[in-house]
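# A structural walkthrough
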Amino acid sequence: MIKHSHLFYIALSLLYIPVLANAQVVRSIEFPVNGPNNFFSDFGAPRGGGTRKHLGNDIIAAKMTPVVSAVNGTVNYVISPEAAWGYEISIIDAEGYQYLYFHLNNDTPSTDDGKGGEANAYAPGLDRGQSVTKGQLLGWVGDSGNAENTVSHLHFEIHDPARQAIDPYSSLITSTGDYRSSNAKLGITPDIRLQLEKVVDGRPNDIFKTILEQGAGGEEVRQLQIVLKVLGLIEKENITGYFGPITREAVIAFQKRQMIDPVGTVGPVTREALNRGIASGVLLEYKPFYSEREQRAILIQKLLAQIKVLQDRLRAIQGIL
Ligand SMILES: [Zn+2]
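What comes next concerns the included structure. (Residues numbered from 1 in each chain as written. Predicted model: local features only at pLDDT ≥ 70, side-chain atom pairs only at ≥ 80, totals over all residues.)

## Observations regarding the environment of Y87
Inspection of the secondary structure assignment puts Y87 in strand β6 (residues 87-92). Residue classification places Y87 among the buried residues on the basis of 27 C-beta atoms within 10 Å. Put simply, Y87 and L104 are 17 residues apart on the chain and 5.2 Å apart in space, counted from C-alpha to C-alpha. Aside from chain neighbours lying at most four places away, what touches Y87 is I79, E82, L104, N106, A121, Y122 and S144. (Helix = DSSP H or I, 4+ residues; strand = E, 2+ residues; numbered from the N terminus. Buried ≥ 20, exposed ≤ 12 C-beta atoms within 10 Å, placed from the backbone. Contact = placed C-beta atoms within 7 Å.)

This is the structure we're talking about:
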C-alpha cells in the first residue's frame, strides 16, 4: 500500500520539470545593483553544463558594488555561513513575490581570497524576518560559491507567489535607479557570456550525493549543517563538519517537517528533499511566512500548474499526430 507521505514525495518529484513561464510579468522594482554594470536577457540559458536552465539574470559588476533591495519587503532568509552556492539573500514582498540575490562578496576587499566573511557580504544586522525598504543596502557584489571562478556578478531571480521563477529582465530594464537600462543596451561581450555559461551559477541541484549518518564527517556534512542552520534547526556553533548527536536530532526534526520517516540518517529520500528543496529555494523559506500546511499547499499548487503544462503539451502533440 502506498502511504500518503509517499504520494506526497512522488508529487514533489514531479514539481521540478523545468517550465519557464510568465516571461511577461513586470514587477515595479529598484535596480538591485547600485553601480556600473552590464547584463543581458539570459533567463533560460544553459547552466551546469546544460543540466539545467538559468533561472535569473546575471548582472555583472565590480566586486563590492552595493546591492540594494529591489522592493519594500521582509528578509526571507540569509545564507550564513557561506553555502556551496555562496552567500545569498531572499527578500519577499507584500504580494508574495520573492527576490533572490546570489554570489554576494566573499573576499577580503581587493583580493580573491574567499576569506571576506559575512562582514564583506551582507549589510550589518540583516536577519530573517526583518523589514527592508526599496533601495536599502543588502550587501555587495562578489563571486561567492559556484561563481568563484568567473566574473563577479549578481545573479538575480524573481519568483512569483506560486514559487515559479519568472524572467526578471523586463522588470530590470524598466526599474528605477541610476544604473539600469542604459547598461542593458550594451549587453555583455561574448567571452563573458561564455564564462558565465561555463560555471554552475545560481543554485546547484546536487549538493548532497552520499548517505550521511552519525559518525560521518566532511564538507557534505558541513553543507547539511548550513542548511539545517538556515532552517533554524541548529545553531551556528554546531556547524563543525562532524555528524554528531545534535546534527542527528536536527535531521530528525527536518524529516518530521518534510513527512519523511524520522530515522536521523540522510538516505536517498532525505537527500532528494534537500537537493530539490535547495534547487527550488522553497525549502529555505522563512517558516513564519508559511505554515507546513501552507507550504504543502504551495507545492501542490505548483504541481497542478505543471500538470496543466504537460496536458497542454500532450494536446499539442496529439494535434500534430
Ligand atoms: Zn546567474
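Now that the structure is up, let's keep going.
## So, the nonpolar core
Membership of the largest hydrophobic core comes to 67 residues, with the highest contact counts inside it found for V67, I89, Y101, L104, Y122 and L154. Per-element tally for this core: the top contributor is helix α5 (residues 219-230), with 6 residues. When residues of this core are sorted by domain, at least three fall in each of domain 1 (20-198) and domain 2 (205-288). Contact partners of L104, with chain neighbours within four places excluded, come to V67, G86, Y87, E88, I89, A121, Y122, G139, W140, G142 and S144. (Core = buried A, V, L, I, M, F, W, Y, C linked by C-beta atoms within 7 Å. Domains from an automatic or database assignment.)

## A closer look at the pairing of strand β7 (residues 98-104)
Taking burial as the measure, the 7 residues of β7 include 7 buried ones, the bulk of the element. Relative to β7, β6 runs antiparallel, the two being bridged by 6 bridges. If you follow Y87 over to β7, its bridge partner there is L104. Relative to strand β10 (residues 153-159), β7 is paired through 5 bridges, and the arrangement is antiparallel. (Pairing = 2+ DSSP bridges.)

## Details of unusual backbone geometry
Note: most residues except glycine have negative phi, and most peptide bonds are trans. Residue S80 is joined to P81 through a cis peptide bond whose omega torsion reads -5°. Secondary-structure assignment places P81 in the loop between β5 (73-78) and β6. A positive phi angle, close to 65°, is found at H103, a residue other than glycine. Tracing the sequence through the fold places H103 in strand β7. For H103, a count of 29 C-beta atoms within 10 Å gives the class buried. At S110, a position not held by glycine, the phi torsion is positive, near 60°. Tracing the backbone shows S110 in the loop between β7 and β8 (131-132).

## A few points about the environment of M64
Structurally, M64 can be placed in the loop between β3 (57-60) and β4 (66-68). Separated by 56 residues in the primary sequence, M64 and N120 have C-alpha atoms spaced 7.9 Å apart.

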